[in-house]
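Okay, here's what each chain looks like letter by letter:
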Amino acid sequence: MITMAILGGGFMAASHAPNYARLHDRVRVKTIASRSRSDRAAAVAAAVGAELTSDLESAIRDPEIDAVDVCLPTPLHREAAETAFAAGKHVFLEKPIALSLEDADAILAAAERSGRFLMVGLVLRFWPEYVELRRRVAAGELGRPLAVSTFRLSPPADWNDWMADPSRSGGVPVDLLIHDFDQMNWLLGTPRRVYARAPVPAHVLSIVDYDGAQGIAEGSMTMPRSYPFSSNIRVLCEDGTAEYAFDAAPAEEGGNIGASDAPRGLRLYPRDGGPSTVPVESADPWGPELEYFVECLELGRQPEQGTGEQARLALAVSLAAARSLESGRPEDVRA
């Protein structure tokens, strides 16, 4: 059995803890460590039968703990990850890996020194429609991918006190669009440069150049509060197009993704033939993601999805977009 400590007691901790509990005797969440000891953190701990503590370092250094799941604000990621690796723990780290490439590199170096596993919460790599999309593109079923277009649109983040502050969250390019930049990297290869504009604050339009392909991403944290969280990915290939759209109501207890009645499945539009829908099994994407992490620990196998290197490359695109917003011109991705 894998024994876990979750650092944080907010929206992400509340999303992760029950998914570990669904793995039954494979995982025990021993500790929820939250400096605020909020009512929500207490509820998360109670729901999975875990201890609640405000002492994060003691939770990390507990000799019974095998792995630490870091659901803390991004500025705390490096310190928490380095402490966990120094204590000999495996680490699951929510996205983004960090706010700077320097901190990302320090986290990767700490993982390398420790010999323990690092996985970063690039959850779209486990979302069923995105998995099916990647599988079909990689198999060449629609021909070579030429362009990826995405959007990720949300009302303002009002469920905590730090995400609305770009100095602490990285703003839209780092905290929100990093999901879509990672998908573009997964589908199109090595990113080269980014041109980004913000017609209004917290609403970003960006173009990412790849070798022989381009990606366009729109991200917003300033939609009206009546607007549902919405995302879309469309991939134009030589022999057809694939598309997946999603929307959801706000989470009842905070967060931007709650209940959804959006149609499931990946839509395919081949150049020869009519459209079709590829059905997928409905799943909370955090479930497959965290089960994959647990399976890697059980088998002693380094993760191949959500790796530190993949997270670092997505961050590099996000930071190039942020620089482009400042400079008003295209910026090279500093990989």
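Residues numbered from 1 in each chain as written. Predicted model: local features only at pLDDT ≥ 70, side-chain atom pairs only at ≥ 80, totals over all residues. Heavy atoms only, no water.

A.B. asks: Go over helix α11 (residues 308-327) with me, naming the residues and quoting the values.
C.D. replies: Taking 1.5 Å of rise per residue, 20 residues should cover 28 Å, and α11 covers 28 Å from first to last C-alpha, within 8% of that figure. At the exit of α11 stands G328, carrying a positive phi of roughly 80°. (Helix = DSSP H or I, 4+ residues; strand = E, 2+ residues; numbered from the N terminus. Expected span 1.5 Å × (residues − 1).)

A.B. asks: Explain the packing of aromatic side chains residue by residue, including any values.
C.D. replies: Here the structure, examined in full by the defined rule, presents seven aromatic pairs. The interplanar angle of 50° and the centroid separation of 5.2 Å between the aromatic rings of F126 and Y292 together place this pair among those described as tilted. Within this pair, whereas F126 is found in the loop between β6 (118-121) and α6 (128-138), its partner Y292 is found in helix α10 (residues 286-299), the two being separated by 166 residues in sequence. Taken as a pair, F126 and Y292 share a single burial class, namely buried. Ring plane angle 85° and centroid distance 5.7 Å describe the contact between Y130 and Y244, whose orientation is recorded as edge-to-face. Note that Y130 is positioned in helix α6 and Y244 in strand β12 (residues 240-248), a separation of 114 residues in sequence. With respect to burial, Y130 and Y244 carry one shared label: buried. Aromatic rings pair up to connect W127, Y130, F229, Y244 and F246 into one cluster. (Phe/Tyr/Trp six-rings, centres within 6.5 Å; stacked < 30°, edge-to-face > 60°. Buried < 20%, exposed > 50% of the residue type's maximum accessible area, 1.4 Å probe, protein only.)

A.B. asks: Got a sec to walk through the side chain of N185? Specific residues and values, please.
C.D. replies: Topologically, N185 is positioned in helix α9 (residues 178-188). On the basis of relative accessibility, which here comes to 9%, the residue N185 falls in the buried class. Within polar-contact distance, the side chain of N185 engages the side chain of Y210 at 2.7 Å. Not counting residues within four places of it along the chain, the set of residues in contact with N185 comprises P191, Y210, L313, A314 and V317. (Polar contact = N/O pair within 3.5 Å; in protein donor to acceptor, adjacent residues only side chain to side chain. Contact = heavy atoms within 4.5 Å.)

A.B. asks: Describe the environment of V294, with residues and values.
C.D. replies: Locating V294 in the fold gives a position in helix α10. Judged by relative accessible area, V294 falls into the buried class, the value being 0%. Separated by 111 residues in sequence, V294 and Q183 place their C-alpha atoms 23 Å apart. Not counting residues up to four positions away in its chain, the partners in contact with V294 are I2, Y20, L23, R26 and V27.

A.B. asks: Which residues make up the sheet that holds strand β2 (residues 27-33), and what values do they have?
C.D. replies: Strand order in the open sheet formed by six strands is β3-β2-β1-β4-β5-β6, and the pairing between neighbours is parallel. The open sheet is flanked by β3 (51-53) and β6, the only strands paired with a single partner. Looking at each pair of strands side by side, their axes are set apart by 20° on average, direction ignored. Of the pairings in the sheet, the one linking strand β4 (residues 67-70) to strand β5 (residues 90-94) comprises four bridges and is parallel in character. Its bridge partner lying in β5, V70 is registered against L93. (Pairing = 2+ DSSP bridges. Axes fitted to C-alpha atoms, helices over the stretch in contact; angles between N-to-C directions.)

A.B. asks: An account of the pattern of salt bridges is requested, with residue identities and associated values reported.
C.D. replies: Under the counting rule described, the total for this entry stands at 25 salt bridges. Linking R28 and E64 is a salt bridge whose minimum nitrogen-to-oxygen distance equals 2.9 Å. Of the two residues, R28 is situated in strand β2 and E64 in the loop between α3 (56-61) and β4; the sequence distance between them amounts to 36 residues. R28 sits in the partly exposed class, given a relative accessible area of 34%. A salt bridge links D182 to R125; the nearest nitrogen and oxygen atoms lie 2.8 Å apart. (Salt bridge = Lys/Arg side-chain N within 4 Å of Asp/Glu carboxyl O.)

A.B. asks: Kindly report on α10, identifying the contributing residues and their values.
C.D. replies: Between the first and last C-alpha of α10 there are 20 Å, a value that for 14 residues agrees with the 20 Å anticipated at 1.5 Å per step. Regarding α10, the residues found buried are W286, G287, E289, L290, Y292, F293, V294, C296 and L297. Residues of α10 that are buried in the fold lie against β1 (2-7), α1 (11-21), β2, β4, β5 and β6. Positive phi appears at G300, one or two residues downstream of α10, with a value of about 65°.

A.B. asks: Tell me about the pairing of β5, and please be specific about residues and values.
C.D. replies: Burial analysis of β5 places five of its five residues in the buried class, the great majority of the element. Residues H90, F92 and E94 of β5 are buried on one face, and the alternating residues V91 and L93, pointing to the opposite face, are buried as well. What joins β4 to β5 is helix α4 (residues 77-86), and the crossover it makes is right-handed. Bridging between β5 and β6 involves four bridges; their strand directions are parallel. (Right-handed = clockwise from strand over helix to strand, strands pointing away.)

A.B. asks: Give me the lowdown on the nonpolar core, citing residues and values where you can.
C.D. replies: Counting 103 residues, the largest nonpolar core has L7, Y20, I97 and L118 as the members making the most contacts within it. Not counting the four nearest positions on each side in its chain, Y20 is found in contact with M4, I6, V27, V29, D69, F92, L290, F293 and V294. (Core = buried A, V, L, I, M, F, W, Y, C linked by side-chain atoms within 4.5 Å.)

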